[in-house]
Every structure is written in C-alpha cells, then in structure tokens.
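What follows is each chain in one-letter form.
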Amino acid sequence: MDIGTFLLMQSPSARSSQEIYERGLEQAQAAEALGYRNIWLAEHHFSTYGYLSRPLQLATYIAAKTTKLRVGTAVIVVPLHHPLVIAEEIAMADVLSGGRLDIGLGRGYQRYEFERFGLKLDSDGQRWDEALDIIVKSFEGRPFSYEGKVFNVPETSLFPQPLQKPHPPIWITAQSQYSLEAAARRRFNVLTGGFGVPIERLAEFGGHFKRVTAEMKPTERPLVGVQRAVYVTKDEADAREAAEQARWNMRVTLSLRNNYEQVDRGQAVPVPAKTEPGIDELLDRYLVIGTPDTVTRQIQRIREVVGISHFNCSFWFGDLDQKRVLRSMELFAREVTPALA
C-alpha cells in the first residue's frame, strides 16, 4: 500500500497567501525526505477553504523543488475548464516533472464556486463525460476530432504530449455510485474519503466498486485510494484538540456540498450541521488521529473493509500550526509506516 500526502491549503484564520504557500512547499519537501510516495493538491476557488486555484501549476513547482516525490491533483474540477486546456496543462506538467505526475479528476460539488464562474453544477454528467472523452483522445498522439452535445472539436493535435504513456495515471474522485461506475467503465483508478465520510460509507464504496469492476473484467484491476485526516501524537489531549481542528474542515466541506455555506468576505465559516458527531465518534468513524498504535489500527481497519492500494494522509487541516504538522508527519513515517508494511 502506497502512502501519500494531501494539501488543501486552507486557513480558518485567513493567513497570508505567502505563508500558506511556503507551508505547502515545506510540507512537500518534508514528505519527500520522509519517504512518502506522493503529494496530492486540491483545486478550490474564492474562499479560505482552499487557496489553490491551479493545482497543476503548484505540482510543477513542487516537482522542480524535489527529485523523487510524485505530484498529483486531487482534484482538477473538470467542468470548470475546457477539456483541451486541461489536457495541455496535464501534458506540460508531466513533461516538466519528468513523468512524476498523477492526475485526479472530479465533477466538483460546490455550487458556490460554479456560480462565480457563471456555471451550474454538472448535474446530468454530460459535460463531464464528454470532457473525459476529449482529454483521453488528446493523449493518443495523433490528430482527432470530437462531436458531442456540449463540445465540438474540429481536427486538433495536442502539443506537448505527456511523458508517461499512454498518459499519467488517472484517478477519479468518487462520492457516489454513479462516479464509481463511471470510473470502472473507463478503467480509471478511484479516490474516495475526505471530510464528513464515515468509515461505513467507505466500506460501501469499496464493495460497490469491486462488484462493478469485476463485471467489467479488466486486464488490470484499478487502484483504490482513501483520503483521511491524519494526526499522530503521543498525547491524548493533543489528539482531541486536533480532532476539533478537523471539525472546521468537516463543517465547511459539508456546508459547501449541501448548499448551506456561509462565506464572509472570502472567509469560509464553519457552519454546524443539524446533527454532528461528538468527539469520540469523530475519532472512531471519521478521522485517523491518535497514538502511532491507534493510527496504525485505524488504517488497517480501512484497508480491511475497503480494500485499498493507496492511503492519502491529510496532515494539515484546520489551523494546525506548522510544527505540529511536521512532527505528525515525522512520527507517522517513523512508527506507522513500518508497522503497516
């Protein structure tokens, strides 16, 4: 099982953009030094929930500052962009990173973001499906055209072409059966999890994806990755305080997903849901936080019920300061990774 890291680049206290990006680069370089497989970068717009509007741009920069770490997007929000622009940027980033790129693609879920681009959420999936067709065709290395209900592309050739053949590994974020089935049909890998998703839901996703994938009879089984908020400490009080920091992310995520968000002059407000799990339930069902032994058991539990090949650690959440994040990353690498192996 590969172990990766994840950057949302959030700031509940609206810290400066320079500080946020400096922290992100320092964590990426620490991840490489500590032996993590890759780093994934989220796309978000117009609020302190995420300062990263162009994940491929930061991926290219991190690749230039590292030598082995794979860089990835989790995710590019496909319906916000023209698919040919996405394809060009993927190819360029793959070349500049020396073939160290992984691509996560998603449909998006924030009405708040779409409205500010003058768009509506892609509820029927038509734009999403056609965009994926075009992106994959772009990487075939020959002229192509496309005629659909949303996009019409006259004969076109893509330059540059990606270094990895036929293209970088493609991962689809999946929070629904529709997305899981779409990924399985295309033989794409799947990323799931995140804030606000209990372990029982992850188990449902994993079981459904296995069934659908088996029906497709692929020559290679697609990979499955799970993302979780992770914090490793040897102090119980420290662990419970970190869980409260993660609650900020969960509240903002769920409010943006379910259209009751509040954004005050760009600052994302952590709106409580009507019913919320208590701290013990958060630690048991939603987060991977605790001592090295506890964190190891929690990840093994996820591996058993979901069947994952990749675990993605979201070490930086809420307003955790940099020293705590880096200490947690180091403790995970030193005591949890060997135990999982």
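For the structure itself, consult the block above.
Below, the structure is looked at part by part. None of the values given here were measured: they were computed from a predicted structure.

1. Comments concerning the pairing of strand β9 (residues 224-232)
Here's step 1: Most of β9 sits inside the fold, with nine of its nine residues counted as buried.
Here's step 2: Burial of β9 is two-sided: the residues Val 224, Val 226, Arg 228, Val 230 and Val 232 facing one way and the residues Gly 225, Gln 227, Ala 229 and Tyr 231 facing the other way are all buried.
Here's step 3: The sheet contact formed by strand β8 (residues 189-193) and β9 spans four bridges and is parallel. Across the sheet, Leu 191 pairs through a bridge with Gly 225, a residue of β9.
Here's step 4: Bridge analysis of β9 against strand β12 (residues 288-290) gives three bridges, and the strand direction is parallel.

2. Looking at the environment of Trp 40
Here's step 1: As for its position among the elements, Trp 40 is in strand β2 (residues 38-41).
Here's step 2: Residues Trp 40 and Leu 80, spaced 40 residues apart in sequence, show a C-alpha to C-alpha distance of 19 Å.
Here's step 3: Setting aside residues up to four positions removed in sequence, Trp 40 forms contacts with Thr 5, Phe 6, Leu 7, Gly 72, Thr 73, Ala 74, Asp 102, Gly 104, Trp 171, Leu 191, His 310 and Asn 312.
Here's step 4: Reaching out from Trp 40, the side chain makes a polar contact with the side chain of Asn 38 at a distance of 3.3 Å.

3. Examining empty space enclosed by the protein
Here's step 1: Across all of its chains, the model carries two cavities of 30 Å³ or more by this definition.
Here's step 2: What the largest cavity holds in volume is close to 50 Å³.
Here's step 3: Ile 199, Arg 228, Asp 284, Arg 285, Tyr 286, Leu 287, Val 288, Gln 298, Arg 301 and Ile 302 together form the lining of the largest cavity.
Here's step 4: Looking at the lining of the largest cavity, the elements that each hand over two or more residues are α9 (279-286) and α10 (292-306).
Here's step 5: Residues belonging to the lining of the largest cavity are distributed by class as follows: five nonpolar, one polar and four charged.
Here's step 6: Reported here for the second largest cavity is a volume of approximately 40 Å³.
Here's step 7: Around the second largest cavity, the lining residues are Thr 5, Phe 6, Leu 7, Gln 27, Ile 39, Cys 313, Phe 315 and Met 329.
Here's step 8: Per-element tally for the lining of the second largest cavity: the top contributor is strand β1 (residues 2-7), with three residues.
Here's step 9: Taken together, the residues of the lining of the second largest cavity break down into six nonpolar, two polar and no charged.

4. Quick notes on the layout of surface pockets
Here's step 1: Empty space within the largest pocket amounts to approximately 790 Å³.
Here's step 2: For the largest pocket, the lining is made up of 36 residues, of which Gly 108, Tyr 109, Thr 173, Gln 175 and Arg 257 are closest to its centre.
Here's step 3: For the lining of the largest pocket, the secondary-structure elements that each account for two or more residues are β3 (70-77), α4 (111-116), β7 (170-173), α6 (177-185), β8 and α8 (236-257).
Here's step 4: Residues that form the lining of the largest pocket fall into these classes: 16 nonpolar, 15 polar and five charged.
Here's step 5: Of the pockets and cavities examined, the second largest pocket occupies roughly 190 Å³.
Here's step 6: The class makeup of the residues in the lining of the second largest pocket is three nonpolar, two polar and three charged.

5. Description of the pattern of salt bridges
Here's step 1: Applying the stated criterion to the full structure yields 22 salt bridges.
Here's step 2: Close ionic contact of Arg 247 with Glu 276 constitutes a salt bridge, the shortest N to O distance being 3.4 Å. Highlighted residues: Arg 247 in helix α8 and Glu 276 in the loop between β11 (267-268) and α9, separated in sequence by 29 residues.

Cut-offs applied
- Residues numbered from 1 in each chain as written.
- Predicted model: local features only at pLDDT ≥ 70, side-chain atom pairs only at ≥ 80, totals over all residues.
- Heavy atoms only, no water.
- Buried < 20%, exposed > 50% of the residue type's maximum accessible area, 1.4 Å probe, protein only.
- Helix = DSSP H or I, 4+ residues; strand = E, 2+ residues; numbered from the N terminus.
- Pairing = 2+ DSSP bridges.
- Contact = heavy atoms within 4.5 Å.
- Polar contact = N/O pair within 3.5 Å; in protein donor to acceptor, adjacent residues only side chain to side chain.
- 1 Å grid on protein atoms, 1.4 Å probe; cavity = no way out; pocket = protein on both sides within 12 Å on 5 of 7 lines; lining within 4 Å.
- Points joined across faces, edges and corners; volume = space filled by probe spheres on them.
- Nonpolar A, V, L, I, M, F, W, Y, C, P; charged D, E, K, R; others polar.
- Salt bridge = Lys/Arg side-chain N within 4 Å of Asp/Glu carboxyl O.

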